[in-house]
Number of protein chains: 4
Amino acid sequence: MLGYAFMGKAHVNGYKTLAYMTWPSPLEPRLVSIAGRNADAVAEAAARYGFERHVTDWRELVADPEVQLFDNGGPNDAHAEPTIAAAEAGKHVICEKPLGRTADESHEIWQRVAAAGVKHMTAFNYRFVPAVRLAREMIDRGELGDIRHFRGRYLQEWGATSAEVWRFDRDAAGSGALGDLGAHVIDLARYLVGEIESVAASTRTFYPGRDVDDAFESVVEFANGAVGTIEASRFAPGRKNAFSWEINGSEGSIAFDLERLNELQWSEGTKGFRTILVSEAEHPFWQWWWPHGHMIGWEHTFVHELRHLLDAIANDTDVAPHGATFEDGYRAAEVCDAILRSAGSGARERITYR
Amino acid sequence: MLGYAFMGKAHVNGYKTLAYMTWPSPLEPRLVSIAGRNADAVAEAAARYGFERHVTDWRELVADPEVQLFDNGGPNDAHAEPTIAAAEAGKHVICEKPLGRTADESHEIWQRVAAAGVKHMTAFNYRFVPAVRLAREMIDRGELGDIRHFRGRYLQEWGATSAEVWRFDRDAAGSGALGDLGAHVIDLARYLVGEIESVAASTRTFYPGRDVDDAFESVVEFANGAVGTIEASRFAPGRKNAFSWEINGSEGSIAFDLERLNELQWSEGTKGFRTILVSEAEHPFWQWWWPHGHMIGWEHTFVHELRHLLDAIANDTDVAPHGATFEDGYRAAEVCDAILRSAGSGARERITYR
Amino acid sequence: MLGYAFMGKAHVNGYKTLAYMTWPSPLEPRLVSIAGRNADAVAEAAARYGFERHVTDWRELVADPEVQLFDNGGPNDAHAEPTIAAAEAGKHVICEKPLGRTADESHEIWQRVAAAGVKHMTAFNYRFVPAVRLAREMIDRGELGDIRHFRGRYLQEWGATSAEVWRFDRDAAGSGALGDLGAHVIDLARYLVGEIESVAASTRTFYPGRDVDDAFESVVEFANGAVGTIEASRFAPGRKNAFSWEINGSEGSIAFDLERLNELQWSEGTKGFRTILVSEAEHPFWQWWWPHGHMIGWEHTFVHELRHLLDAIANDTDVAPHGATFEDGYRAAEVCDAILRSAGSGARERITYR
Amino acid sequence: MLGYAFMGKAHVNGYKTLAYMTWPSPLEPRLVSIAGRNADAVAEAAARYGFERHVTDWRELVADPEVQLFDNGGPNDAHAEPTIAAAEAGKHVICEKPLGRTADESHEIWQRVAAAGVKHMTAFNYRFVPAVRLAREMIDRGELGDIRHFRGRYLQEWGATSAEVWRFDRDAAGSGALGDLGAHVIDLARYLVGEIESVAASTRTFYPGRDVDDAFESVVEFANGAVGTIEASRFAPGRKNAFSWEINGSEGSIAFDLERLNELQWSEGTKGFRTILVSEAEHPFWQWWWPHGHMIGWEHTFVHELRHLLDAIANDTDVAPHGATFEDGYRAAEVCDAILRSAGSGARERITYR
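Computed from a prediction, not measured in an experiment: that's the story for all the values here.

1. Observations concerning helix α10 (residues 326-345) of chain B
Residue and element names in this part refer to chain B.
Point 1. With 20 residues, α10 extends 28 Å from end C-alpha to end C-alpha; this agrees with the ideal 28 Å at 1.5 Å per step.
Point 2. The buried count for α10 comes to 15 of 20 residues, which makes it a mostly enclosed element.
Point 3. Two to three positions downstream of the cap, the backbone nitrogen of E327 sits 3.1 Å from a side-chain oxygen, assigning the N-cap of α10 to T325.
Point 4. Phi turns positive one or two residues past the end of α10, at G346, with a value near 80°.

Dropping the structure here:
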């Protein structure tokens, strides 16, 4: 594992928990080695989480023959090189989103890793919220009919800070709210509705001197004829982690809000919205958890995601369609790039994939 | 009054109710005459609502010396000529929205009526929801700080119908969801946030053979630097009359949903959203109604709106800023036109006012 | 009409509105005469609302041959004598709740009025909320199966006041939160679930020196085997007019909150709760109002209630079961009395009806 | 650990997770041995969760010198003997709720264990929901003023089943919804408001042939003058795990629903209810988790609870007041017994503690 901060903690917890909660697990995770630049901090992380070894140079992870899966939870500018190197050393790889800082970088990562023949996953963990998987299943079964609209927004409130965070730096992050939050919305839009064909967008940087976007707004057109909006902002006071979306189809509508992640709102036809408390034994992922009504949290998405990856490795099955591959990471990046292009050009930008 | 259907009923109820509920009323409304094309139906409407006379040609209303206020609740293609004629005959005028079918037509109505020197009001009744007025007051007092975002959507579900309705006909209506629903969103965006400077939009017509938009999506940029989205659709199952909006400012956020019109959600700073049940004695318009918690409905917006107009007439005060004038009707039409232009051109369209 | 304050205003609005909104009305209401103790105030009320006459002694109403319906919106200690006198003078009567201050007084009113052979109605207006009527229809159709639980609470917040209000005086009001708020809950419990067989209760007076209850709590057992709670308080900060109830049956559950009176929550079986926005053309009372999603308010309950009474008078039909008769007023009073007895005795009190 | 089913799984997850999430933990949990009657099942549980040993007789746990903490997650009729034996063997003990099947049995457990001088905890895990702890802190700081009302209900829907479950058997369980669900409500009522002085109650068994209560309803009076209701049912369709409560004080109100366990509703004075998304760094327990808005689940209550117990053991601090001791387990049982007595006698029953 590369990185021991926010994402590292979430991934470690995923591996440790899946081992006994998703019993029997297809593979027994072994925490071999963790890499981080600060020697003391990485040593403490290793002690805390039970890694066998800790190193300060990710190259040692790549060179370590006992490492079979390379988990990259580092900042965006540490995605490409280590991930490619690990794959080319024959390790399966999972990388935090956004895959690269640009579509070019993402494409390069995808191509090189795919050529290495290992399993690869972009950590779009919200695909693994039970309510989101249920939504996908409902759409696949045709319960919403033809999709007409997708409206997704990811709102947070912490942008008005003078703190120096790599997420505010274009070199390290690539973009601001777009790559950090918007990429999640774009990925779910693709997962639930289909490919995005064009975008028309505006961006804003509210905080003086910052060189990434604090917010963006976009109109999106899908290949299947649906149309909608995708937005994200770090300047929405009162919205802590409000990733919410709504889909309208010819046969009904569904709506979701990450701040109430155990609930899916469903209007069957025009009957009005029903709150599905997604926790029944037959709901996705719930065979591993608790009696209905005993809710789970945000961190559980990583348990599900990493279990899915171990399954794919153990049984040599595809990560797609429910897991996001590096191709999905690349495709989200194309949409992000098009949003930035449109914000600059003022034109509706068509998205083409290489 | 011209028209006795949906809007006619709402306006008549407004006049009758304000007379004793907003006591003492600045003017005593007298229902002099009502016009409609169907002789039997207009006769029954006159009997039902207590009009002294009923006519089948609106020109008789214009010629009637006892008519002092001309209330136009007819379809969009019956807005321009009667309204202008009434104003030029010296009558004050109120006209349903959208004012005209295009910015050109709206501009013509505004200019001709303004030249006549009478009071004029575009019936953007949602300005007169107590929660909306409260929102405006909060913004005026600076309680939200600098506005960063406006997100407004007006969703309905009845579009998938083969019924022949003038609202689906471009000649009669001008546009579809845009002029019918979107105009309301645009007006509140202007009322609460300020002028819109540019739009980038897409439209869709889902129903075969229809020549107006069933839905539109747009990114909007405001003159004050705020940015957001405006959307409307008649193809959102489960959404009956869901006009909802959210505003994020530097000092807090507010949110509203017409389906729960007595509530305003307010996050003071980042404290989280509080439900203000807008019904306290000190809240806008509540001096006329009931003890707190005894909620009012949609129709009350017309009571407040028409009371405001009678005030302006009786005391020769301005309809603006809380009432929408014909200038506001025209400005909303410019934004509507720009949305259609952008949908066609694929370019972000700048809005200029004549 | 006796009384021109809160209830008088609500009833007058009901008569005036039903005349054109529930078109054609079975009877054309004529506002003949209004009585009140303050000569100036009653004169102004007559001018405001359009009564033909105004008097300071209710006996003049009783003696007035043109008065055919006597509407008593006075305080509780002015219910018995005028209502009985009016009925005995051959006038139909409607009286605000609670019918009398005790079961004895209520029984006397009911018996004397019934003997006079006129129509009588206790103004339990919440039976005429569309969502409540819909609930009753669902129960009648068996959609909830056997009823197991009723939980009703009516919470307000204004009790901590030194204001001198007749509602805080036992002689004038009979009881406090019990007769004012609790009576509504009891009536809906009877309307929706059935007769109450026993109660076990506690009361509290929080405000020093007051001689009525500020709050009560009770366990109720129904004749059909259902069991639940009925509560009310004037000391629940944040609850403006929060009359909420929930019913659990063998086939599903429904829930309601007066602060969102246009909504009924329904769990069909164990599917989870769906928000029915009660405003479809086929919903109770909605043939008279607006397109769906255009919500109505608290005052509309009186329009429906008085329309129902006029129907009964015009067509000589029964006020029951959807309207509350004086027998219903009496029966609610028996439950209220039993709650007070139980609070005093500490024993579960059985309710018997005379 | 005794038991490997629902509660065993929740406790094991607690120990394993606290070790690295509440870093540094005061004690490093070591999973020494697990007991269960089914040899195969307990062997698999040991393998799954990583226990060093597994046994089929709890006496072996008691005799095991390496076991320092005895965790009893067995059915109610397996609480007394093993727990007492473990304590008398010098082990600290935690026992699932209800502590005993009756107040007598609970008292015996408490007295014998307390005499042994070990730490003891009743697993009332809902004290360890962050929103509940926050509520307690607000009350302690006086932010609600004098408490007037507590209304608590715990509703589930699964009671209408022919499955043979020990929870439906009086010998094994002691009581039905009362001890299973009601005990939780009673404990939080005591934790948040104070001692309960009297109860008046009714119970119902809806399912034929069952000898425990399926539901109970009660009015409760608190020593501090507050009054309210406590209810529970297994026959509330649509309510999965709906433990909700509301507290009204002289300075404000708070409300909670376990189905949305990350939220606390707070009306500061009469301002109306604000949703506190309990996930800020300064909120209880959140120093161990994620950035705000990244929600936790039901299982986390056990992490917090067991961490609290390890703290008490490591530092020899009191389990009370935030943890429930066996005295708290006993006191809840006295209230439960009084509810059953009142249901039988029809009298309001006073609660006295030995």
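2. Things to note about the relation of the copies chain C and chain D
Point 1. Placing chain C over chain D gives an RMSD of 0.0 Å and needs a rotation angle of 180°, together with 0.0 Å of translation along the axis. Both copies of the chain, as the preceding transformation shows, are related through a two-fold rotation axis. Taking C-alpha positions as the reference, the residue of chain C nearest the rotation axis is A347(C), at 2.2 Å.
Point 2. Mapped onto chain D, 100% of the interface residues of chain C are again interface residues, and the two copies thus contact each other with one and the same surface.

3. Some words on the relation of the copies chain B and chain A
One copy of the chain maps onto the other through a rotation about an axis followed by a shift along the same axis.
Point 1. Overlay of chain B on chain A (RMSD 0.0 Å): rotation 180°, translation along the axis 0.0 Å.
Point 2. Of the interface residues in chain B, 100% have counterparts in chain A that sit at the interface too, so the contact is made through matching surfaces.

4. A closer look at the sheet that holds strand β3 (residues 69-72) of chain C
All names here are of chain C.
Point 1. Pairing in this open sheet of three strands is parallel, and the strands run β3-β4-β5 from one edge to the other. Edge positions in the sheet fall to β3 and β5 (120-122), since each of these pairs with one other strand and no more. Direction aside, the axes of adjacent strands within the sheet are offset by 10° on average.
Point 2. In terms of strand pairing, strand β4 (residues 92-95) meets β5 through three bridges, oriented parallel. In the sheet register, C95 faces β5, and the bridge partner there is T122.

5. Brief notes about the interface of chain B and chain A
Point 1. The interface of chain B with chain A comprises 45 residues on the first partner and 45 residues on the second.
Point 2. Here chain B meets chain A over a buried area of about 3600 Å², counting both sides, of which 50% is carbon and sulfur.
Point 3. Summed over the shared surface of chain B and chain A, the result is eight salt bridges.
Point 4. The tally of links between chain B and chain A comes to 29 residue pairs in polar contact (both at pLDDT 80 or more).
Point 5. Those elements that place two or more of their residues in the side of chain B that touches chain A are β6 (147-155), β7 (196-204), β8 (215-222), β9 (227-233), β10 (242-249), β11 (252-257) and α10 of chain B.
Point 6. Split by residue class, the side of chain B that touches chain A holds 15 nonpolar, 18 polar and 12 charged.

6. Examining the packing of aromatic side chains
Point 1. For the structure shown, the criterion picks out 64 aromatic pairs over all chains.
Point 2. Between F285(A) and W288(A), the ring centres sit 6.2 Å apart and the planes meet at 35°, which makes this aromatic pair tilted. Considered together, F285(A) and W288(A) belong to a single accessibility category, that of buried residues.
Point 3. Taken together through their ring pairs, the aromatic side chains of F6(A), W298(A), F302(A) and W290(D) make up a single cluster.
Point 4. Over the ring of Y353(A) we find R331(A); its NZ or CZ atom is 4.2 Å from the centre of that ring.
Point 5. Above the face of the F273(A) ring, R239(B) is positioned so that its terminal group lies 4.0 Å from the ring centre.

7. Considerations on the pairing of strand β9 (residues 227-233) of chain D
Two faces, one strand: in a regular strand the side chains alternate between the faces of the sheet.
All names here are of chain D.
Point 1. Burial analysis of β9 places seven of its seven residues in the buried class, which makes it a mostly covered element.
Point 2. Covered by surrounding structure in β9 are V227, T229, E231 and S233 together with G228, I230 and A232, the residues of both alternating faces.
Point 3. Sheet topology places strand β6 (residues 147-155) next to β9; seven bridges connect them, and they run parallel. Paired with L155 across the bridge in β9 is S233.
Point 4. When strand β8 (residues 215-222) meets β9, the two strands line up antiparallel, connected through seven bridges.

8. What to know about the interface of chain C and chain D
Point 1. In this complex, chain C contributes 45 residues to the contact, which on the side of chain D involves 45 residues.
Point 2. At the boundary of chain C with chain D, the tally comes to eight salt bridges.
Point 3. Between E221(D) and R204(C) there is a salt bridge, with the nearest N and O atoms lying 3.3 Å from each other.
Point 4. Remark: the boundary between chain C and chain D carries 28 residue pairs in polar contact (both at pLDDT 80 or more).
Point 5. Of all the secondary structure elements, the ones that give two or more residues to the side of chain C that touches chain D are β6 (147-155), β7 (196-204), β8 (215-222), β9 (227-233), β10 (242-249), β11 (252-257) and α10 (326-345) of chain C.
Point 6. In terms of residue class, the side of chain C that touches chain D is built from 15 nonpolar, 18 polar and 12 charged.

Cut-off values and rules
- Residues numbered from 1 in each chain as written.
- Chains lettered and ligands numbered in written order.
- Predicted model: local features only at pLDDT ≥ 70, side-chain atom pairs only at ≥ 80, totals over all residues.
- Heavy atoms only, no water.
- Helix = DSSP H or I, 4+ residues; strand = E, 2+ residues; numbered from the N terminus.
- Expected span 1.5 Å × (residues − 1).
- Buried < 20%, exposed > 50% of the residue type's maximum accessible area, 1.4 Å probe, protein only.
- Polar contact = N/O pair within 3.5 Å; in protein donor to acceptor, adjacent residues only side chain to side chain.
- Least-squares fit on C-alpha atoms with pLDDT ≥ 70 in both.
- Contact = heavy atoms within 4.5 Å.
- Pairing = 2+ DSSP bridges.
- Axes fitted to C-alpha atoms, helices over the stretch in contact; angles between N-to-C directions.
- Buried area = accessible area lost by both parts, 1.4 Å probe.
- Salt bridge = Lys/Arg side-chain N within 4 Å of Asp/Glu carboxyl O.
- Nonpolar A, V, L, I, M, F, W, Y, C, P; charged D, E, K, R; others polar.
- Phe/Tyr/Trp six-rings, centres within 6.5 Å; stacked < 30°, edge-to-face > 60°.
- Lys NZ or Arg CZ within 6 Å of the ring centre and 35° of its normal.

Coordinates in, geometry out; function isn't part of it.
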